[in-house]
Amino acid sequence: MHRRDILKTLSLLPLAATSIPALAGGSTVTPVPGESPINGLSPDTSGAPPAAHRDLFAELGVTRVINANVTMTFLSGSLMLPEVLEAINSTSHDFANMFELQDKVGAKIAEMLKVEGAMVTSGAACAILLGTAACITGADKDKIKQIPNLPGPRPEVIMQKSHRYLFDQAVTTTGAKIVEVEGPDEMEKAFNDQTVMALFFNAAEKHSIPHEQFLAIAKKHRTPTFLDAAADVPPVENLFKYQKMGFDLVTFSGGKMIRGPQSAGLLFGRKDLIEAAKLNHSPHEAPIGRPMKVNKEEMFGMYAALKAYLERDHEKEWNEWLATAKHIAGILAPVPTLKTETVVDPGPANAFPSLAVDWDQQKVKITPKDVLKTLKEGNPSIVAGSHNDRLLIGVVLLRPDQVDIVAQRIKQILEHAV
Ligand SMILES: *Cc1c(COP(=O)(O)O)cnc(C)c1O
């Protein structure tokens, strides 16, 4: 269920205790919408939050969930930044030409990311599909009309065997087939007239061909390269790293730690390929990407999210995460035999701190798995994680007002098992 379980086996680096700053003024994580007035902005843009909120969760009987884990698609990704909600609200009262909007938002994003071209897609999975389609069709109108049913042999996309993952179905959806290679020699031999692209899964467990070598071999065969880095911020530098390295196309999810709309993503890189990707996308009416529409508000929202993300004080945010972990550890400390450790996932996906919690299961007679189950079934419902028979409490997606709730609830469950 968890993305990290599907994609890779997590290994965690313990964080030196000395690098954890003292908790200053209670637990503070980046303010998240939910309580902010912006969230209640009425459509008439009067600016005043409505007196009574309509509680749609209650109206539909949908469970509110506290995410003490990492961003997960089934758990609605991330929470949009106030800047994103403001962008969505403030742009929802006027029409725009979607061709123009995609071009202008894309140009701005490209400028921000120091790259030739960019566009907003309906998530990173859509970006993989559109990038592949672009490499197959270029600007050829007939091909755009025909995929995934092009005449002749299927287009081929080269991938390392160890990079095969769930999301490569977005490649084969275009009609392309994946050619698996292991190591540089096999990669060298894999190119032929059908080869259209080489795909690199950045967060794979193992690279039998490292980034630079992969790029060099693909360039030698004049084949475009695509890097999937969907969940690979923080650090913010990753948004610049891979185009600089030489990848022709790169994708990041909008709805993970960039905290844009969940159904938005970034595709950027070579200008001609971005233009070809746009030809394969909505608002054009026939192409393969037409069912993967991005609405106007999400385009503005994605731009606002990226801008806010780039302008953020990332060091401050990191220290706040550490402070939150330390604060929770403090609340849990009285539980007999309990040990906590702030751990940082070495990434590149989900490279941020969590709190790992351990106890003597002879004395506190409950397994981490059962703690997770009790948390999930409780009120409020809390989703935390586990790794190697340790409870893992994610801190980066907690609203400030949820930190104590999560800590107290876990403490209560553990103490109940003594
Ligand atoms: C999350 C993820 C995707 C899909 O991203 P969406 O934005 O949800 O479409 C693709 N690849 C990887 C590696 C991911 O982690």
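The structure reproduced in this document is the subject of the present report.

Conventions we followed
Residues numbered from 1 in each chain as written. Predicted model: local features only at pLDDT ≥ 70, side-chain atom pairs only at ≥ 80, totals over all residues. Heavy atoms only, no water. Buried < 20%, exposed > 50% of the residue type's maximum accessible area, 1.4 Å probe, protein only. Helix = DSSP H or I, 4+ residues; strand = E, 2+ residues; numbered from the N terminus. Arc of directions from axis to C-beta. Contact = heavy atoms within 4.5 Å. Patch = residues over 30% accessible without salt bridge, like charges linked within 9 Å, V, L, I, M, F, W, Y side chains within 5 Å. Areas by Shrake-Rupley, 256 points an atom, 1.4 Å probe, with all protein chains shown as cover. Salt bridge = Lys/Arg side-chain N within 4 Å of Asp/Glu carboxyl O. Axes fitted to C-alpha atoms, helices over the stretch in contact; angles between N-to-C directions. Parallel < 35°, antiparallel > 145°, perpendicular 65-115°, else oblique. Left-handed = near helix turned anticlockwise from the far one by under 90°. Nonpolar A, V, L, I, M, F, W, Y, C, P; charged D, E, K, R; others polar. Polar contact = N/O pair within 3.5 Å; in protein donor to acceptor, adjacent residues only side chain to side chain. Near = heavy atom within 4 Å. Domains from an automatic or database assignment.

Concerning helix H9 (residues 211-220)
At step 1: Inspection of H9 places His211, Phe214, Leu215, Ile217 and Ala218 among the buried residues, and these make up the whole buried set. End-on view of H9: buried residues confined to an arc of 170°, all on one side of the axis. Turned more than 90 degrees away from the buried face of H9 sit Glu212 and Lys220, all of them exposed.
At step 2: For H9, the elements touching its buried residues are strand S4 (156-160), helix H8 (183-190), strand S6 (195-201), strand S7 (225-228) and helix H10 (238-245).

A look at a nonpolar patch on the surface
At step 1: Side chains of Phe57, Leu60 and Val62 sit close together on the surface and give an oily, nonpolar patch of about 290 Å² of accessible area.
At step 2: By the element assignment, Phe57 lies in helix H2 (residues 56-60).
At step 3: Among the residues examined, Phe57 registers a relative accessible area of 36% and is labelled partly exposed.

A short note on the environment of Arg259
At step 1: Note that Arg259 resides in the loop between strand S8 (249-253) and strand S9 (265-269).
At step 2: For the pair Arg259 and Leu81, spaced 178 residues apart in the sequence, the C-alpha separation amounts to 5.9 Å.

A look at the packing of helix H14 (residues 368-377) against helix H15 (residues 403-416)
Packed helices, taken two at a time, are described by the angle their axes make and the gap between the axes.
At step 1: Two elements in contact, H14 and H15, have axes whose closest approach is 10 Å; the angle formed by their N-to-C orientations is 125°. In terms of their interaxial angle, H14 and H15 are classed as oblique. In this structure, H14 crosses over H15, and the sense of that crossing is right-handed. Residues Val371, Thr374 and Leu375 of H14 form the contact with H15, whose participating residues are Arg409, Ile410, Ile413 and Leu414.
At step 2: Looking at the contact of H14 with H15 residue by residue, the classes come out as five nonpolar, one polar and one charged.

Let's talk about unusual backbone geometry
At step 1: Here the bond from Pro234 into Pro235 is cis, since omega is 0°, no more than 30 degrees from zero.
At step 2: Tracing the chain through its elements places Pro235 in the loop between S7 and H10.
At step 3: Following Ser282, the chain continues to Pro283 via a peptide bond in cis, the omega torsion being 10°.
At step 4: Even without being glycine, Ser76 reaches a positive phi, approximately 70°.
At step 5: Here Ser76 is to be found in the loop between strand S2 (65-67) and helix H3 (82-90).
At step 6: We note that Thr337 has phi near 65°; this positive angle belongs to a residue other than glycine.
At step 7: With respect to the secondary-structure elements, Thr337 resides in the loop between helix H13 (314-332) and strand S10 (339-344).
At step 8: The exposure class assigned to Thr337 is partly exposed, which follows from its relative accessible area of 33%.

Describing the side chain of Asn238
At step 1: Examined against the element boundaries, Asn238 turns out to sit in helix H10.
At step 2: From its side chain, Asn238 meets the backbone oxygen of Asp232 in a polar contact 2.7 Å long.
At step 3: Those residues in contact with Asn238 that lie beyond four places of it in its chain are Asp232, Val233 and Phe252.

Details of the site of the ligand
At step 1: Among the 14 residues in the neighbourhood of the ligand, the closest are listed as Ala124, Ala125, Asp228, Ser253 and Lys256.
At step 2: Residue Lys256 places a side-chain N or O atom 2.8 Å away from an oxygen atom belonging to the ligand.
At step 3: Considered on its own, the ligand offers 380 Å² of accessible surface; in the complex 91% of this is hidden by protein.
At step 4: At the level of secondary structure, the elements contributing two or more residues to the shell around the ligand comprise helix H1 (3-7) and helix H5 (124-137).
At step 5: Residue classes in the shell around the ligand are distributed as eight nonpolar, three polar and three charged.
At step 6: Residue-level mapping places the shell around the ligand at the junction of two domains, with at least three residues from each of domain 1 (3-79 + 313-416) and domain 2 (95-311).

Concerning H8
At step 1: Burial in H8 covers these residues: Gly183, Met187 and Ala190. Buried residues of H8 fall within an arc of 75° about the axis and therefore sit on the same side. Exposed positions of H8 whose direction lies more than 90 degrees from the buried face are Asp185 and Lys189.
At step 2: Elements that come into contact with the buried residues of H8 comprise S4, strand S5 (177-181), S6 and H9.

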